[in-house]
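# Fold and geometry: a report
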Amino acid sequence: MSLAIVWFRRDLRLRDNPALAAALANHAQVLPVYIHAPDEEGPWPAGAASAWWLHHALADLAKLLSARLLLRHGPTTDTLLQLATATGAAAVYWNRLYEPAAIARDTQLKRALRAAGLQASSHNAALLAEPWEVSNKQGEPYRVFTPFWKVLGARGLAHGPCAVPSLQRRLLSVQRVAALAPVALDEFGLLPAIRWDEGMAAAWQPTRAAAEARLDEFLADGLRHYRDGRDLPGRDWVSRLSPYLHFGQLGPREVVAAVRGERVGGEDFLRELGWREFAHHLLYHFPHTSEEPMDGRFAVFPWREDKAQLRAWQRGRTGIPLVDAGMRQLWATGWMHNRVRMIVASFLSKNLLLPWHEGARWFWDTLVDADLANNSLGWQWTAGSGADAAPYFRVFNPVLQGERFDAHGTYVRQWVPELAAVPDKWLHKPWQASKGVLSEAGVVLGTDYPCPVVDLQASRERALAAWGKIKNSR
Ligand SMILES: Cc1cc2nc3c(=O)[nH]c(=O)nc-3n(C[C@H](O)[C@H](O)[C@H](O)COP(=O)(O)OP(=O)(O)OC[C@H]3O[C@@H](n4cnc5c(N)ncnc54)[C@H](O)[C@@H]3O)c2cc1C
């Protein structure tokens, strides 16, 4: 009876899983495997919040697979070769990843498996179109989103989710093969030793069932508000599907199939999924952009170093309420609203003039949806050094952004409770309120809540001056 290994990575679902579907179509039995190999993730091994998510997502997948998911430690190539020998498997199936370190590892793995006489078969579970399938008329990759999205749309988002044959009686029993030597999930050490994860546990359920429920909930309400409401951090009008998409507990084709045809909000929402595609397109074709600027002029940008200000930003103690609200939401829940991500990133890289890499690293460690492609694009776009970035002089003003997108302060009051009683008029700029207003609200600036770490106007001008120094360099 022919057996195939299905190697799970960030495709932690049974539906719309092309590698699993192909293995089941071609083999009588499958052995599902997850291999923990953080050393193979290059300079970006999972951050603390992602590791937490991964632990729970693996526990969920193991349940969905009736406890027949085999967990092993890396190195990956040796482990898969050893498992194939122990079980007599003829083939290994997996879904592709697009980060540079993963591509290098998978290329080498494919070679080793084939050299050992095994079939190696990789598939696309993560993207609507793979990075090499979309190019401009000159056959080159895109650097600007709108034409990229046009081409992707015209190509058709038509491929629906793929059907996966039934797993019943097709899973190899791990217990039957002693040489498989399974390890327990806890041995991966993904959960924090000091339990700082209560906020994340209250905010999220990292399971497939929760992903489906969240998609249904969003379709029932959030989507129709999405076009205008997606910019309001105090409302629940975005999907919050990002961690499920990152870990592949939900596939983009499943999301497109569910959203398609929804007249209100559907197009706007699909466009955001398009940004996810674009981010992967860029990281694949320009693999240096997780570390280096896409726009070469920024290689000599005069970044500052200021540990105290970096720490104030990380901890949500900059004295700028909307920035602090975002950073505290991130710390508490592992997620931050997109508009606020842009605002805090602009504040760090422009007003504080601290390197965007510092921000990207912090996000990497604290986001449950930390994703190398999306994070690199988001940071480079906001810092002005990325593909299709906003013009540099568009420095987000967190006061005006707050007054526009959090006019009644719902968001700031939730995350910066010490300012809860400050009237709307002053909430986003408490340093401009009179002592009387502040004392009525029970706030002493510098004691209950920090004074701003920088002057917004002066720091904006400093950023423009820094840009002036490099804009003509090449
Ligand atoms: C500085 C910065 C860093 C970011 N880092 C990440 C990251 O590490 N991981 C991550 O998934 N997203 C990142 N984003 C993009 C975006 O903020 C999140 O994808 C979004 O907030 C997730 O919430 P949601 O699922 O409710 O999004 P929705 O608005 O409901 O969008 C649906 C999906 O589309 C995708 N998407 C939406 N906006 C973007 C975008 N601008 N770029 C790429 N994909 C997008 C996401 O997969 C998202 O789940 C970053 C943005 C910025 C400005």
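Preceding this section is the structure that the text describes.
Here goes a summary of the coordinates provided. (Residues numbered from 1 in each chain as written. Predicted model: local features only at pLDDT ≥ 70, side-chain atom pairs only at ≥ 80, totals over all residues. Heavy atoms only, no water.)

## A few points about the site of the ligand
Threshold: Any residue with a heavy atom positioned within 4 Å of a molecule or strand is treated as near that molecule or strand. Here a polar contact means two N or O atoms within 3.5 Å. Within protein one must be a hydrogen donor candidate and the other an acceptor candidate, and residues neighboring in sequence count only if both atoms are side-chain atoms. Each helix is a run of DSSP H or I of at least 4 residues and each strand a run of E of at least 2, with the numbering of both proceeding from the N terminus. Amino acid classes used here: Ala, Val, Leu, Ile, Met, Phe, Trp, Tyr, Cys and Pro are nonpolar; Asp, Glu, Lys and Arg are charged; the rest, including Gly, are polar. Annotation comment: domain bounds sourced from an automatic or database domain assignment.
In the vicinity of the ligand there are 28 residues, among which Y226, S239, R240, N338 and D369 approach most closely. Contact between the ligand and L241: an oxygen atom at 3.0 Å from a main-chain N or O atom of the residue. Taking D371, its main chain carries an N or O atom lying 3.1 Å from an oxygen atom of the ligand. Looking at the shell around the ligand, the elements with two or more residues in it are helix 8 (242–246), helix 10 (266–285), helix 13 (338–351) and helix 15 (372–383). Its residues assigned to classes, the shell around the ligand comprises 15 nonpolar, seven polar and six charged. Both domain 2 (127–160 + 208–285) and domain 3 (296–470) contribute no fewer than three residues apiece to the shell around the ligand.

## Focus: helix 13
How we decide: By this rule the span expected of a helix is its residue count minus one, scaled by 1.5 Å. Exposure classes here rest on a 1.4 Å probe applied to the protein chains alone. A residue is buried below 20% of its type maximum, exposed above 50%, and partly exposed in between.
Look at helix 13: 19 Å from first C-alpha to last across 14 residues, which is about the 20 Å you get at 1.5 Å a residue. Within helix 13, 13 of the 14 residues are buried, which leaves it mostly tucked inside the rest of the structure. Where helix 13 terminates, the next one or two residues include L353, which has phi positive at roughly 60°.

## Considerations on the pairing of strand 1 (residues 3–8)
In regular strands, side chains alternate between the two faces of the sheet. Keep this limit in mind: Here, a strand pair is defined by DSSP locating no fewer than two bridges between the strands. Here the term right-handed applies to a crossover when the path leading from its first strand over the helix to its second strand runs clockwise, the strands being oriented away from the viewer.
Taking burial as the measure, the six residues of strand 1 include six buried ones, the bulk of the element. Residue alternation in strand 1 divides its side chains into two sets, L3, I5 and W7 and A4, V6 and F8, and both sets are buried. Bridging between strand 1 and strand 2 (residues 29–36) involves six bridges; their strand directions are parallel. Bridged to V6 within strand 2 is P32. A crossover links strand 1 with its parallel partner strand 2, the connecting element being helix 1 (residues 18–26), and its sense is right-handed. Direction of pairing for strand 1 relative to strand 4 (residues 91–95): parallel, over a ladder of four bridges. Bridge pairing in strand 4 places V6 opposite Y93.

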